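# A structural walkthrough
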Amino acid sequence: MGTLVYNGRIMKTLKVTLLTAILLMCSSCTLMGIGYSYADWLIKKRILSVVKLYKPQQKHLEKQLDDYMAWHKVTMLPEYGKELDRVAKRVEALKKDKKKVSKEEVYQLLINTRQLYLDSFIPLTTRVIPLLAELIEGQVDRSRTLITRKIDEIKEQTKLTQEQIVSELRGTWEDNLDDWFGKLSAEQLKLLDEHIPLLVTSPMIRFARGVKRMQLFLAVFENNPIKDNLTQNKANRIKGLTDFFNTWSELKPYDPWRQQTALFMSKFLELTTVKQQDEFLKKLKKWKDAIDEMQK
């Protein structure tokens, strides 16, 4: 799961046969199950890290999150399971007929996972928005301070050199690829080295987007002060916050990254051995079993 106002990451799942989607999920099935069991608490903690809520509001938030998790368990977990099944079938087909996975197929996977993210995220926001719309001036000021601290954390990343960023990202990719497929070949490592500079998302871009999001979020409250007209301005806030979250995950800014990731993964999958594909299938089964267990 993820943060509501700042980070925006909720558990994502996958389609077709691309490990990049799995990069967006927990790599450990055990941790995934534990994390889901405490998801309502984790979401609450994330929200309170950027929004000031008083005790009665926190109690109301807990109720909303309980309702959300009940909905998510019934509605979204089966969708994650279906996607895992599709991935497994595609890997089996890859083993059987050696049909290559195209860049276009991988790209569509990323679009589909993005939609699953939104399908989980938007229903969460609809439950929380009415509560956020009631923030008074002091709470808005405190929230501004909390969000600014989060933005400053991103700003620190802009101080890293390009070499440092690439090195860290390469290590993450190699670790995950090795975990999912087993030991990588020299050819696969060479492919990773060639593509990793193109898979970097600039910290400056993330920082700029973070600042913009903060400004848009706070503008909803600044343009509709609650002290003037409680009923009307709360309604305006609800509309403003709804519009804000509905445009949270824009397609265009990260489309170049999706294209580069799709290209890399289509090439990587072409280099996988039957043994690596079997290892990946075992991992998929463990994730599917974990999701099935969480639905009980």
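### Some words on the nonpolar core
Counting residues in each nonpolar core, the largest one holds 70 residues, and the members touching the most others are F217 and F264. The dominant element in this core, judged by the number of residues it contributes, is helix α5 (residues 103-132), at twelve residues.

### Some remarks on the packing of helix α7 (residues 162-181) against helix α8 (residues 186-195)
Their axes nearest at 11 Å, the elements α7 and α8 cross at an angle of 150°. The chirality of how α7 crosses α8 is right-handed. Together, R170, W173, E174 and L177 of α7 and L189, L192 and D193 of α8 make up the contact between the two elements. Looking at the contact of α7 with α8 residue by residue, the class counts come to four nonpolar, no polar and three charged.

### A word on helix α4 (residues 55-97)
Under the 1.5 Å per step criterion, the end-to-end length of α4 is 59 Å for 43 residues, consistent within 8% with the ideal 63 Å. At K73, α4 is deflected by roughly 40°, the largest bend along its length. Positioned one or two residues after α4, K98 has a phi angle of 60°, which is positive.

### A short note on the packing of α4 against α5
α5 packs onto α4 with a crossing angle of 165° between their chain directions and a minimal axis gap of 8 Å. In terms of orientation, α4 and α5 fall into the roughly antiparallel class. Helix-helix and strand crossings are classified by hand; for α4 and α5 the assignment is right-handed. Of the residues contributing to the contact of α4 with α5, the split by class is eleven nonpolar, five polar and seven charged.

### Overview of the packing of aromatic side chains
This model, assessed by the stated rule, comprises ten aromatic pairs. Here the aromatic cluster, defined as three or more aromatic residues joined through ring pairs, consists of Y117, F121, F217, F221, F244 and F245.

### Digging into the confidence of the model for the protein
Per-chain confidence: the protein averages 82 in pLDDT, with 86% of residues scoring 70 or above. Here helix α1 (residues 19-23) stands out as the least confident element of the protein, with mean pLDDT 32; α8 is the most confident, with 97. Low pLDDT, under 50, characterises residues 1-31; the stretch is placed with 117 contacts to residues that sit more than four places away or in other chains.

### Overview of the side chain of Q188
By secondary structure assignment, the location of Q188 is in helix α8. Within the structure, the side chain of Q188 is placed 2.9 Å from the backbone nitrogen of S185, a separation counted as a polar contact.

### Topic: the pattern of salt bridges
For the coordinates displayed, the defined rule picks out 19 salt bridges. The salt bridge partner of D141 is R144, with a shortest N-O separation of 2.9 Å. With a gap of three residues between them, D141 and R144 both fall in helix α6 (residues 137-157), about one helical turn apart. Looking at R144, the relative accessible area reads 27%, which means it is partly exposed. Note that R144 and E222 form a salt bridge whose closest N and O atoms lie 2.7 Å from each other. A residue pair is termed long-range when its members are at least 10 positions apart, and R144 in helix α6 and E222 in helix α9 (residues 203-222) qualify at 78 residues. Each of D141, R144 and E222 takes part in one network of salt bridges that share partners.

What counts, and where the lines are drawn
Residues numbered from 1 in each chain as written. Predicted model: local features only at pLDDT ≥ 70, side-chain atom pairs only at ≥ 80, totals over all residues. Heavy atoms only, no water. Core = buried A, V, L, I, M, F, W, Y, C linked by side-chain atoms within 4.5 Å. Buried < 20%, exposed > 50% of the residue type's maximum accessible area, 1.4 Å probe, protein only. Helix = DSSP H or I, 4+ residues; strand = E, 2+ residues; numbered from the N terminus. Axes fitted to C-alpha atoms, helices over the stretch in contact; angles between N-to-C directions. Left-handed = near helix turned anticlockwise from the far one by under 90°. Contact = heavy atoms within 4.5 Å. Nonpolar A, V, L, I, M, F, W, Y, C, P; charged D, E, K, R; others polar. Expected span 1.5 Å × (residues − 1). Bend = angle between axes of the 7 residues up to and from the residue. Parallel < 35°, antiparallel > 145°, perpendicular 65-115°, else oblique. Phe/Tyr/Trp six-rings, centres within 6.5 Å; stacked < 30°, edge-to-face > 60°. pLDDT = per-residue confidence, 0-100. Polar contact = N/O pair within 3.5 Å; in protein donor to acceptor, adjacent residues only side chain to side chain. Salt bridge = Lys/Arg side-chain N within 4 Å of Asp/Glu carboxyl O.

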